[in-house]
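Breakdown of the fold
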Amino acid sequence: DAGITQSPRHKVTETGTPVTLRCHQTENHRYMYWYRQDPGHGLRLIHYSYGVKDTDKGEVSDGYSVSRSKTEDFLLTLESATSSQTSVYFCAGGDSNQPQHFGDGTRLSIL
Amino acid sequence: QKEVEQDPGPLSVPEGAIVSLNCTYSNSAFQYFMWYRQYSRKGPELLMYTYSSGNKEDGRFTAQVDKSSKYISLFIRDSQPSDSATYLCALGRLAGNMLTFGGGTRLMVKP
């Protein structure tokens, strides 16, 4: 979906380093979401936002934090990356009782 | 037991076949239903969504929902090699804006 862009698209980093993934939307969605996708686990919600500066935890939030200072931008931070956080990360946006629309993902490898 | 069950496949069919993809769910609180298509190294793309039991058709795609049986299906007519992808069902509750995803079914359409 051209309305949701993620950066970087690929990143390789080392254990213990901080990592920030960025999500930018042009659709004025109220809600934004961060998921991770792993083989055998499907899409799992990490954190979501229901407005500027309003965020809440999802199913797998340990080790992650988020921030949303503007409607358009939603950041996901790994404070101290671990190998178990190697994954593909997807950002999505949506509105009340409507489908979510996804970006094309960030492939993160933590060595 | 997962809230949403989806056979991971892979499902391999010849070009032109009718494809049936299915999900079952256990929670009657789910009230709206979506199908996403995900190509390799891309984000999930919304294909169909519906709020009601019955059939919804869009071109070669038909989404079917049976709330009484807690069963949803996606039918693809005249399947094409370009339909080769992973198909994810997603279910939502009216209260809140979270989606619960199936694990995805990988479909391969052979020329």
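For the structure itself, look to the data block above.
Here the residue numbers are simple positions, counted from 1 along each chain's written sequence. Each chain takes a letter, starting from A, and each ligand takes a number, starting from 1, following the order in which they are written. The model is predicted, so local features are restricted to residues of pLDDT at least 70 and side-chain atom pairs to those at 80 or more, both for listing and for counting; the totals for chains, interfaces and linings are taken over all residues. Heavy atoms from the whole structure form the basis of all side-chain values; hydrogens and water molecules are not counted.

**Considering the overall build of chain B**
Where we set the bar: Helix and strand assignments come from DSSP, with helices taken as H or I runs of at least 4 residues and strands as E runs of at least 2, each series counted from the N terminus. Each residue's exposure class comes from its accessible area (1.4 Å probe, protein chains only) as a fraction of the maximum for that residue type: buried when under 20%, exposed when over 50%, partly exposed otherwise. Any pair of residues with heavy atoms lying within 4.5 Å of one another is described as a contacting pair. In this tally, Lys and Arg are treated as positive and Asp and Glu as negative; His is ignored, and so are the chain termini. Charge coordinates come from a single atom per side chain, which is NZ of Lys, CZ of Arg, CG of Asp or CD of Glu.
Looking only at helices and strands, chain B has 0 helices and 11 strands in total. Helices and strands in chain B line up, N terminus first, as β-β-β-β-β-β-β-β-β-β-β. Overall, the C-alpha framework of chain B stretches about 45 × 30 × 20 Å when taken along its three principal axes. A total of 111 residues make up chain B; the buried ones form 42% of that total. Of the contacts formed within chain B by residues at least 6 apart in sequence, a portion of 55% connects residues at least 24 apart. Averaged over its 12 positive side-chain charges, chain B has a centre that lies 5 Å from the centre of its 10 negative ones.

**Focus on the environment of A:Thr13**
Residues and elements named next belong to chain A. What counts is decided by this rule: Pairs of N or O atoms are called polar contacts if they sit within 3.5 Å, as long as, within protein, a hydrogen donor faces a hydrogen acceptor (for residues adjacent in sequence, only side-chain-to-side-chain pairs).
Relative to the assigned elements, Thr 13 resides in strand S2 (residues 10-13). Aside from chain neighbours lying at most four places away, what touches Thr 13 is Val 19, Leu 108, Ser 109, Ile 110 and Leu 111. Only 2.7 Å separates the side chain of Thr 13 from the side chain of Thr 17, close enough to count as a polar contact.

**Points about the interface of chain A and chain B**
Just so we agree on the cut-off: Only one rule defines a salt bridge in this text: a Lys or Arg side-chain nitrogen within 4 Å of an Asp or Glu carboxyl oxygen. Residues are grouped as follows: Ala, Val, Leu, Ile, Met, Phe, Trp, Tyr, Cys and Pro are nonpolar; Asp, Glu, Lys and Arg are charged; every other residue, Gly included, is polar.
Facing the 22 residues of chain A at the interface are 20 residues of chain B. Close ionic contact of B:Lys42 with A:Asp104 constitutes a salt bridge, the shortest N to O distance being 3.1 Å. Taken together, the elements giving at least two residues each to the side of chain A that touches chain B come down to strand S4 (31-38), strand S5 (42-51) and strand S10 (101-102) of chain A. Of all the elements, S4(A) adds the most residues to the side of chain A that touches chain B, at 4 residues. Residues belonging to the side of chain A that touches chain B are distributed by class as follows: 9 nonpolar, 9 polar and 4 charged.

**A look at the sheet that holds strand S7 (residues 61-66) of chain B**
Residue and element names in this part refer to chain B. To keep it simple, the criterion reads: When DSSP locates at least two bridges between a pair of strands, those strands are taken to pair.
Strand order across the open sheet formed by 5 strands is S1-S3-S8-S7-S6, with antiparallel pairing between neighbours. Each having just a single partner strand, strand S1 (4-5) and strand S6 (54-58) make up the two edges of the open sheet. Note that strand S3 (residues 19-25) and strand S8 (residues 71-76) share 6 bridges and pair antiparallel. The residue of S8 that forms the bridge with Leu 21 is Leu 74.

**A few points about the side chain of A:Gln85**
Mapped onto the fold, A:Gln85 is located in the loop between strand S8 (73-78) and strand S9 (87-94). If we ignore the near neighbours within four places in the chain, the residues touching A:Gln85 are A:Arg36, A:Asp62, A:Gly63, A:Tyr64, A:Leu78, A:Ser80, A:Leu108 and A:Ile110.

**Focus: the pattern of salt bridges**
Residues and elements named next belong to chain A. As enumerated under the stated definition, the model contains 8 salt bridges over all chains in all. Between Lys 70 and Asp 73 there is a salt bridge, with its nearest N and O atoms 3.3 Å apart. On the basis of relative accessibility, which here comes to 42%, the residue Lys 70 falls in the partly exposed class. Of the residues examined, Asp 73 reaches a relative accessible area of 19% and is grouped as buried. Each of Arg 36, Asp 38 and Arg 44 takes part in one network of salt bridges that share partners.

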